[in-house]
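Close look at the chain arrangement
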Amino acid sequence: MERIPVYQPRLTGNIQRYVNECLSSGWISSRGEFISRFENAFAEYVGASAAASVSNGTVALHLVLEALGIGPGDEVIVPSFTYIASVNTILQTGATPVFVDSLEETLQVDPQSIAAAITPRTKAVMVVHLYGHPCDMDAVTRLCEEHRLLLVEDCAEAFGTRWKGRHVGTFGDAATFSFFGNKTITTGEGGMVLARDDSVMERCRRLKSQGVSPVREYWHDMLAFNYRMTNIQAAIGLSQIEMAAEILRDKLQLAQRYRDGLQGLPLRTHDPVGDVTHSYWMCSVILDDPKERDSLRQHLAENGIETRPFFPPAHLMPHCRAEVDLPVAENIGSRGINLPSFPDLVEEQISRICDAIKSFYR
């Protein structure tokens, strides 16, 4: 039986041509023309004034937190229902993550929970656009403006996601994206940073490149990092941007096929709520009964179908455990499954997945 993975990237288009150009030119490290070409194409796609490429999505988060001046003594509000990188990067700056709850319907952070968590030490709010659905950016930006808080958008899973027609990542003081191999567009490893203020963007560019002086050769006047993307990664990224519209279209069709194929079962699909564009990084189902989640995943594995469980809430992790009451995060974290979500799934495979889920409930 052919195994169906949870994800595999679409590696067609101009990838080979662009990578071969890197090889023939000798520019394979963190310099070369594809770096700026990819950054400019990405910024244009999402509607930002500029973008800075980095080596992965996690360092992108750490970079913007450092560039915004977040550190010891500061509190950063973050949803507990998220991938752990969102929390780890806050801890790495010396700041304190303050965990808040999420919304059952959208799976995104609950603005009311954010409002209740604000203290005099709160410096920033980090929102995470999970699985391709946007957070309520009207409510979150209003809260940040009222309380004069920095806003960071973790868009690692949200390339192609829009709130009221506007691409996520363009609402905050800074935003980050991931191009890991299972993301909607990929560079293998890689990430991107956006910043509203030109001075913050300039600080990101210097911090990611060892803090080198812009006017004096091999002079470094700040403690900084090597978070640079390679020219080969950027070449792959540029070819992916060129295919982005068709990849997103095919993922939207896949989500609809799951929605149609799984009707009438004791579960729901993760559907868009409101005036939003759901990019369906992952096509997810939320079971009515959490006790069935692991059994269903085992049943699918026995039928050659790989799945992923939803993220366990971060406030339950040993290194950042917090004694807080976040019932929605804990509930949805125990009920969710990510199904195979790559754009090249064919009709026969989709039917096989849906039939396997139906057979579990029979």
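The structure we're discussing is the one just above.
Residues numbered from 1 in each chain as written. Predicted model: local features only at pLDDT ≥ 70, side-chain atom pairs only at ≥ 80, totals over all residues. Heavy atoms only, no water.

**Description of empty space enclosed by the protein**
Threshold: For cavity detection a 1 Å grid was placed over the protein atoms alone, and a set of points counts as a cavity when a 1.4 Å probe fits there but cannot get out; an open set counts as a pocket when protein lies on both sides within 12 Å along at least five of seven lines, with lining residues being those that have an atom within 4 Å of a point. Grid points are joined across faces, edges and corners, and a volume is the space filled by probe spheres set on the points. In this description a helix means any DSSP run of H or I spanning at least four residues, a strand means any run of E spanning at least two, and both kinds are numbered starting from the N terminus. Under the scheme applied here, ten amino acids are nonpolar (Ala, Val, Leu, Ile, Met, Phe, Trp, Tyr, Cys and Pro), four are charged (Asp, Glu, Lys and Arg), and all others, including Gly, are polar.
Tallied over the full model, the rule gives two cavities of 30 Å³ or more. Space inside the largest cavity adds up to approximately 50 Å³. As for the largest cavity, its lining consists of Ala-255, Tyr-258, Arg-259, Thr-269, His-270, Asp-271, Tyr-280, Cys-283 and Ser-284. Elements supplying a minimum of two residues to the lining of the largest cavity: helix H8 (231–261) and strand S12 (283–287). It is H8 that contributes the most residues to the lining of the largest cavity, three residues altogether. Residue classes in the lining of the largest cavity are distributed as four nonpolar, three polar and two charged. Every residue along the wall of the second largest cavity is listed here: Ala-156, Glu-157, Ala-158, Phe-159, Ser-178, Lys-183, Thr-184, Ile-185 and Trp-281. Tallied by class, the residues present in the lining of the second largest cavity amount to five nonpolar, two polar and two charged.

**A short note on the packing of aromatic side chains**
For clarity, the threshold we go by: Ring pairs shown here join Phe, Tyr and Trp side chains whose ring centres sit within 6.5 Å, with only the six-membered ring taken for Trp; geometry is labelled stacked below 30 degrees between planes, edge-to-face above 60, and tilted in between. Partly exposed residues are those whose accessible area sits between 20% and 50% of the maximum for their type, while under 20% is buried and over 50% is exposed, using a 1.4 Å probe and protein chains only. Only Lys NZ and Arg CZ are tested; either one counts as a charge over a ring when it is within 6 Å of the ring centre and within 35 degrees of the ring normal.
Within this structure, the stated rule accounts for 16 aromatic pairs. Where Phe-225 meets Tyr-227, the ring centres are 4.8 Å apart and the plane angle is 5 degrees; that geometry is what we call stacked. Assessed through its relative accessible area of 18%, Phe-225 is described here as buried. A relative accessible area of 14% means that Tyr-227 is categorised as buried. Ring-pair connections join several aromatic residues into one group, and the members of that group are Phe-38, Phe-42, Tyr-45, Phe-159, Phe-177 and Phe-179. Sitting over the face of the ring of Tyr-18, Arg-37 holds its NZ or CZ atom 5.5 Å from the ring centroid. The ring of Trp-219 has Arg-216 sitting right over it, with the charged end atom 3.7 Å from the ring centre.

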